[in-house]
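Spelled out from the first residue to the last, the chains are:
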Amino acid sequence: MKPQEFTQSKYNFEECMKCTVCTAYCPVLQVNPLFPGPKQCGPDEERLRLKDPYFFNTALKYCLNCKRCEVACPSGVNVADLIQAARIKYDHTPPKLRDRILASTDTMGSLSRPVAPLANAVTRLGVTKTLLDATLQIDHRRTFPKYSGRSFESWLRRRSKEQSAFKEQVAYYHGCYVNYNYPQLGKDLVKVLNALGVGVQLLEKEKCCGIAFITNGMSGRATKNARHNVGVLAKAVEKGQKVVTTSSTCTLTIREEYPNLLGVDNSAVRDAFLMATRFIYEKLEQGATLKFRADFHKKIAYHAPCHLEKLGWGIFSERLLQMIPGVELTQLDSSCCGIAGTYGFKKEYYEASQLIGAPLFEQIRDVDPEVVACDCETCKWQIEMSTGYPVMNPISLLADALE
């Protein structure tokens, strides 16, 4: 199936009973009057689009693809998929240079890593932010994530023999963030899995999951990455390995968006591709144990990312954090942080992004934790920039708490 092709049965829009629950739960509609809402942009307009492409609504670009409409829908309609599929099929506006840069995470990471200290210093200069705002419309108030001078892949590759000594093996889809920005998260995962008697191996040559290409109008490039990644994952699965990841968005994209939006068959690998938190929780349920420090004490607020809520897997992170003695855990109310990957970097969406996240930021300030736990790297960037509170992946908190 080509990415441009989608059918009525695939997106089940006729099952919409017009209850408007998705509208009530849409974070964009609450702050942006230009967005008609998920019901109108999804099921309602799909009936018109199938009759005549003339009815394509350019306001679909305001959708965050947060999936909260799909979580809320009592009829199980793929509302967000309807919106994104319509953009893929009908919106032929060429992506801007800014969008190409923001979406090309592998390319930008590879270019920035060798000169990481310089790149980090330059992107934080006021004059650089002003220039990017004026020329590329990347909002000057946005803080860029830092790049690491060494990649996670090079770190783990040097430890391949050590990891191979473990009887049980998993492959790790680390994603762009761990490889180029924050290798420590990958190191923390290795520490936790090794404590469970599990070795960690790199995939043969993974590529970006492609979500930024999808949302920035480059579905063709996303499809190429998807086909490549499915082939790479299949090689690990053929060895009898599970594939784990630490990114909620990468997980949702590879499991759900590949077949639903890009027409890439992932059935051979889908069930073996898991969030690391789910894999670890299931190992503990089967009798494995982790030894925690007696002196570990931390006040933590847990934010479940929207894409993890769509998967229904936030419970695994929450339960793992509750297992750590000395943790005072607060589960934050379900709320979108507003950044939605590259969305919140764009000048035209920055204000809406911050307004969407405001209720979450207020919750965090009210709880006043030592650290916010979250499974999504872009949520981390948004929360840290907007509240000043540090954000850590649950995996890193587990690693810190181990003896």
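This text follows the structure it describes.
My aim in this report is to walk through the structure given alongside it, one point at a time.

Each value, and the rule that gives it
Residues numbered from 1 in each chain as written. Predicted model: local features only at pLDDT ≥ 70, side-chain atom pairs only at ≥ 80, totals over all residues. Heavy atoms only, no water. Axes fitted to C-alpha atoms, helices over the stretch in contact; angles between N-to-C directions. Helix = DSSP H or I, 4+ residues; strand = E, 2+ residues; numbered from the N terminus. Parallel < 35°, antiparallel > 145°, perpendicular 65-115°, else oblique. Left-handed = near helix turned anticlockwise from the far one by under 90°. Contact = heavy atoms within 4.5 Å. Nonpolar A, V, L, I, M, F, W, Y, C, P; charged D, E, K, R; others polar. Buried < 20%, exposed > 50% of the residue type's maximum accessible area, 1.4 Å probe, protein only.

Quick look at the packing of helix α13 (residues 183-195) against helix α17 (residues 276-285) now. Put simply, α13 and α17 touch, their axes get as near as 11 Å, and they point 15 degrees apart. Taken together, the axes of α13 and α17 lie roughly parallel to each other. The two elements α13 and α17 cross, and the hand of that crossing is left-handed. Contacts from L189, V192 and L193 in α13 reach A276, F279 and I280 in α17. Its residues assigned to classes, the contact of α13 with α17 shows six nonpolar, no polar and no charged.

For the α-helix, the turn length of 3.6 residues means that residues three or four positions removed from each other point alike. Burial runs high along helix α21 (residues 377-387): nine of the eleven residues are buried. Within the sequence span of α21, burial applies to E377, T378, C379, K380, W381, Q382, I383, S386 and T387. On its buried side, α21 packs onto α12 (175-181), β5 (298-303), α20 (350-367), β7 (371-374) and β8 (391-392). Phi turns positive one or two residues past the end of α21, at G388, with a value near 85 degrees.

For the rest of this paragraph, the subject is the side chain of Q382. Position of Q382 among the secondary structure elements: in helix α21. If we skip the residues at most four places from it in the chain, Q382 touches R142, C337, G338, I339, S353, Q354 and F361.

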